[in-house]
Amino acid sequence: MRLQPSSSSSNYECRVCAHSAHGVHFGVLSCRACAAFFRRSVVMEKKYTCRKANQGCRIDKTERYLCRLCRYKKCLQLGMTADNVQWNRDMISSTDRKRQSDDDGTDIDAYLDWSPESKKSCLDGPPLYDLSKFLNKIHKTFMEFKIPVDDPVYQATNTLGKMDWALRRHRKHHKMQDFRIANTVRLDQLVDMWGNEMTKVAEFMMHSEEFRELSSEEKFSIFKLVWQISQRFEKLTMSLEIFGKRALEEKILITSNNTAIRMEHVDVDLSKITDYTSIELRKMFHPFCSRLYDHVARPLLELDPSSIEISYMLCQIIWHIAGKTMQGDILNAGEKFIAKIADDLHQYYMKEYKMSNYAGRLIKLMTIVNSLQRIHLDRLKLMELAKIFDVFKVKITDPCFFQN
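Residues numbered from 1 in each chain as written. Predicted model: local features only at pLDDT ≥ 70, side-chain atom pairs only at ≥ 80, totals over all residues. Heavy atoms only, no water.

Points about a nonpolar patch on the surface
- A cluster of nonpolar residues, L385, I388 and F389, forms a patch on the protein surface that exposes about 340 Å² of accessible area.
- Relative to the elements of secondary structure, L385 occurs in helix α13 (residues 359-388). (Patch = residues over 30% accessible without salt bridge, like charges linked within 9 Å, V, L, I, M, F, W, Y side chains within 5 Å. Areas by Shrake-Rupley, 256 points an atom, 1.4 Å probe, with all protein chains shown as cover. Salt bridge = Lys/Arg side-chain N within 4 Å of Asp/Glu carboxyl O. Helix = DSSP H or I, 4+ residues; strand = E, 2+ residues; numbered from the N terminus.)

This is the structure in C-alpha cells:
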C-alpha cells in the first residue's frame, strides 16, 4: 500500500484556489486538488447548484469548497479543457504524490485510487472505490449540524451528558438478536463500513461545542487523525455490551448495525488489492488483534464502565490524539473541552455513586485509553512497513484515514 505523505509546497499558486500549485493540469496552472475536482466533475458528469444561487461565490484558499458550481465555472473560465480529461489523467508517481481533495475541495485526501500497476488503469475512468459520497456527508455534517433544541434532556444536561446522549442515540437500536456473525467480508463491504462509521464519528464529534467552533479545515484535520481509533473503541465497547464475555473469548467485533465478525477467523477478500492471502494478512495483524482484546477488551469487561464513562474515554481518545498533534486553536479547544468533561465526570461520580474518592477507577479508565492509543500507534508503524514493501496495490492518499 503506497501511503504518500505531503510534499513540500510549490512556489507557484493555483489559479483556481490560490493554494500551492503542482503543475499545469488540463491547460491551467493548478493544484492537484482542483485538478482532481475538475476531472471528477467531467468524468462523473456532476451536476452542481450554486450555494448562494447567484453564481458569484468567492473561490480561494478558505472558501473553495463552499460552492462546487462556482469552483467548476472558474476552472472553465480559466481555460481548463474537458476534452483532455480522458487522456490527460495526470498519473502521479510515488515520489511526486501531492495532497488532493474531495469534491468539496477540503484537504481530506481520502478516496481510493488504483496504482499504475493495478489491473484497472486510472485511464479507464474514476476510482473503483470512490468515497467522495461519504466525505461529502461528513462535510455536510460539519456545515449543517443542528443542536437538538427540542430535546429537553439534551438541553438540560452538561457537556459530558451531551456526548453521552449522542453515543446512546447511535446505539439505541442495537440488540443481540439483530446481529449475525459474518464469515467473509468483501472489500466493497469494508469500504461501505468505513464510510458509514466515518459519518457517525463526525456527527458524534459535532456535539462538542469546542469542536463546532473550529473552522472546517481544523475539523477535518482532527477528524482524519481520530475517526478510526474512536470507531474501533466504540465498536469494541458495543461488542462487549451485546455479546458480553463471549466477545472476549471469541474475539467478536461488531462491524455494522446488524453484522459482527470473529476477528481471528473471518475471511477478508482483499484479492483485488493484494497478492497476499487472507491467512498471511491475518498473521500480519494478529498481534494487534490479541493486544486489543487482552489490553483493552479484557479490562473493559472487568471494569464494566457505564455509558457516561465510555463517553468520557471516547472523548479523551479524540482530544488527546488531537492535542498531541495540533497546536493553536485546536490545542486550546481540546484543553477547554477536557476540563469541562473532567468536572462533569466528577459531578457524575459524586451524584450517582456517592464516591468522593474515585481516583483508582479513573486511573483504570485512562490505562485502557492509553493502551488503545499505543496499539493504534504501533499499527501505524506496521502500515508504514506495508507501504515500503508494497503489500497492497492501492494508493491511499492520506494514511490518517485508512490504517485498517
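Next comes the rest of the description.
Regarding the pattern of salt bridges
- A complete count under the given rule lists 17 salt bridges for this structure.
- The salt bridge partner of E250 is R246, with a shortest N-O separation of 3.1 Å.
- Exposure remark for E250: the relative accessible area of 27% places this residue in the partly exposed category.
- According to the relative accessible area criterion, R246 is partly exposed, its value standing at 29%.
- Salt bridges sharing partners connect three or more residues here, namely R171, E234 and E241. (Buried < 20%, exposed > 50% of the residue type's maximum accessible area, 1.4 Å probe, protein only.)

Some remarks on the confidence of the model for the protein
- Looking at the protein as a whole, its pLDDT mean stands at 79, while 80% of the residues score no less than 70.
- For the protein, per-element mean pLDDT is lowest for strand β1 (residues 2-3), which scores 30, and highest for helix α9 (residues 245-249), which scores 96.
- Counted against residues more than four places away or in other chains, residues 1-10, with its pLDDT under 50, gives 31 contacts. (pLDDT = per-residue confidence, 0-100. Contact = heavy atoms within 4.5 Å.)

Focus: the pairing of strand β8 (residues 259-262)
- Relative to β8, strand β5 (residues 180-182) runs parallel, the two being bridged by three bridges. Counted as the bridge partner of A182 is I261 from β8.
- Summarising the sheet, strand β7 (residues 252-254) and β8 pair through three bridges and their orientation is antiparallel. Across the sheet, I254 pairs through a bridge with A260, a residue of β8.
- Between β7 and the antiparallel strand that follows it, β8, lie four residues. (Pairing = 2+ DSSP bridges.)

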